[in-house]
Structure formats: C-alpha cells, structure tokens
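Summary of structural features
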Amino acid sequence: MYGHLFRRGFHVGMSILPFLYFEYGETISGYASTSELKFVSAMIIALVIVEAVRLKLGITIFGQRDYESKQVSALAWGAFAIGLTFLTLSEYSELVWPLILSLSLGDPFLGEIRRAGLEPRSVFLIGTAFIMAIWLATWSLVRTPIWLAFVMAPLCVAAEWPRLRWIDDNATMLLIPLSAIIVILPWL
C-alpha cells in the first residue's frame, strides 16, 4: 500500500519539472557550468548508467514492483521520456507543460479510476476529459494552442493502454504524444 501511494505521489511530484526547467534551468545547469540541454542530456546518460547498474545488481528501490528487479523500471522509463521531451521541445514551453502534466497527473488518475472498477470505455471517456482539462488549462496559462486539447487528450489516454512487456506506460504515455507533436510542430 505504501509503495502504491509513493508511486502516485512521485507521479504527481513530476509536475514540478517543467517549472524547474523553464524557471530555473539556466541557474541549475549553471552550477554544472553547462547549458540546460547538455545538463538534461547528462541526466539522461546518468539515468541510463544508474539503471544499468541497478539491473545488474537486481535491486528494487522503495515503491518499485518486484518484476522491476529484472527489467527497466517505470521510473527510468518516465524519466527517460521526460528528458527526451525537454531535449526535443526545449523552446516550446507551451507544449512541454501539457505533455508532462498529461503523464504526471493523467497516469495516476487513469490508474485510480481503473482501480475503482470502471469499464474501459468509461475510463477512456473520463480520462480523456481529465487530460483535456489539463491541455485547456495550459492553453489559458502558457498559450498552448487550444485545438491540441481535442487531439492530444484522447491520444494521451490511448497511449497509456498498450500493455507491453518491456516498455512501461510511463514511456508510451509521453513518447507517443511527443511523436505526434513532433509531426505536427511545423504546422503550429
């Protein structure tokens, strides 16, 4: 139970990452005497190394599931996807915010309504409305194009559905929508 609550809390806590990056990224990366993008890249490289060592030793940390001792953790997948989002869209805070919030808030929300026993169609509809609210909020706060709310909300929910053995939904829920944004970016 505590592991479940920790995972949910950690997810919600990831919501602060766009704020840290866009408000303090230059200061934080300055401590390492590098640019924001090089700092993010270095963090991804460090993540890959730490995750490889963790896997080699078969370690699970608090909040991880037992099977994660033998495969890349949900935390690592999520951090990798968030890092790629910053690297790819560093000049587009209006796109980074809703993408990361869709993962950090949307994934635990979907998990909880699924745990409540709702049927898949209801989960999809309620989840889409919730994530659409995130995209509409970012339209109001950081000028995300409003029409993206109607395209990206169902895509973000659908991206959480694949149950892949080696790739966690923390990756798919961000990397699939990120791919869509990259494709439509020239039109924005």
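Our subject is the structure that appears above.
We now turn to the structure provided with this report. Since we're looking at a predicted model, the values are computed, not measured. Positions within a chain are numbered from 1, following the residues in the order the chain's sequence is written. For a predicted model such as this one, the threshold for reporting local features is a pLDDT of at least 70, and the threshold for listing and counting side-chain atom pairs is 80 or more; totals across whole chains, interfaces and linings nevertheless cover every residue. The side-chain values count all of the structure's non-hydrogen atoms but skip hydrogen atoms and water molecules.

1. Some thoughts on the side chain of Thr85
Under the DSSP-based scheme used, a helix requires at least four consecutive residues in state H or I and a strand at least two consecutive residues in state E, with every element numbered from the N terminus. Along the chain, Thr85 falls in helix α4 (residues 74-89). Between two residues, a contact is recorded if the distance between any of their heavy atoms is within 4.5 Å. Each residue touching Thr85, except ones within four places of it in the same chain, is listed here: Ser90, Val96, Leu99, Ile100, Leu174 and Leu178.

2. Let's talk about the environment of Leu110
Tracing the sequence through the fold places Leu110 in helix α6 (residues 106-115). Relative accessibility under 20% of the residue-type maximum defines a buried residue, over 50% an exposed one, and the middle range a partly exposed one, all with a 1.4 Å probe and only protein chains included. Its relative accessible area of 0% is what places Leu110 among the buried residues. Along the primary structure Leu110 and Phe124 are separated by 14 residues, whereas in three dimensions their C-alpha atoms are 8.3 Å apart. Look past the residues within four positions of Leu110 in its chain and what remains in contact with it is Val123, Gly127, Val157, Glu160 and Met173.

3. Concerning the packing of aromatic side chains
The criterion for an aromatic pair is that two Phe, Tyr or Trp rings (for Trp, the six-membered ring) have centres within 6.5 Å, with stacked assigned to planes under 30 degrees apart, edge-to-face to planes over 60 apart and tilted to the rest. Within the structure shown, the criterion is met by seven aromatic pairs. Summarising the aromatic geometry, the rings of Tyr21 and Phe86 are spaced 4.5 Å apart at their centres and angled 25 degrees between planes, so their arrangement reads as stacked. Of the two residues, Tyr21 sits in helix α2 (residues 17-31) while Phe86 sits in helix α4, which places them 65 residues apart along the sequence. Exposure class is identical for Tyr21 and Phe86. Each is buried.

4. Observations concerning the pattern of salt bridges
The rule for a salt bridge is simple: a side-chain nitrogen of Lys or Arg has to be within 4 Å of a carboxyl oxygen of Asp or Glu. The final tally for this structure, using the stated rule, is four salt bridges. One salt bridge connects Arg8 with Glu112, and the closest N-O pair in it is separated by 2.7 Å. Of the two residues, Arg8 sits in helix α1 (residues 2-13) while Glu112 sits in helix α6, which places them 104 residues apart along the sequence. With a shortest N-O distance of 2.6 Å, Arg54 and Glu51 are connected by a salt bridge. Linking Arg54 with Glu51, this pair stays in helix α3 (residues 36-57), spanning three residues, or about one helical turn. Both residues of the pair, Arg54 and Glu51, count as buried. Look at the salt bridges and you will find they share partners, linking Arg8, Glu112 and Arg115 into a network.

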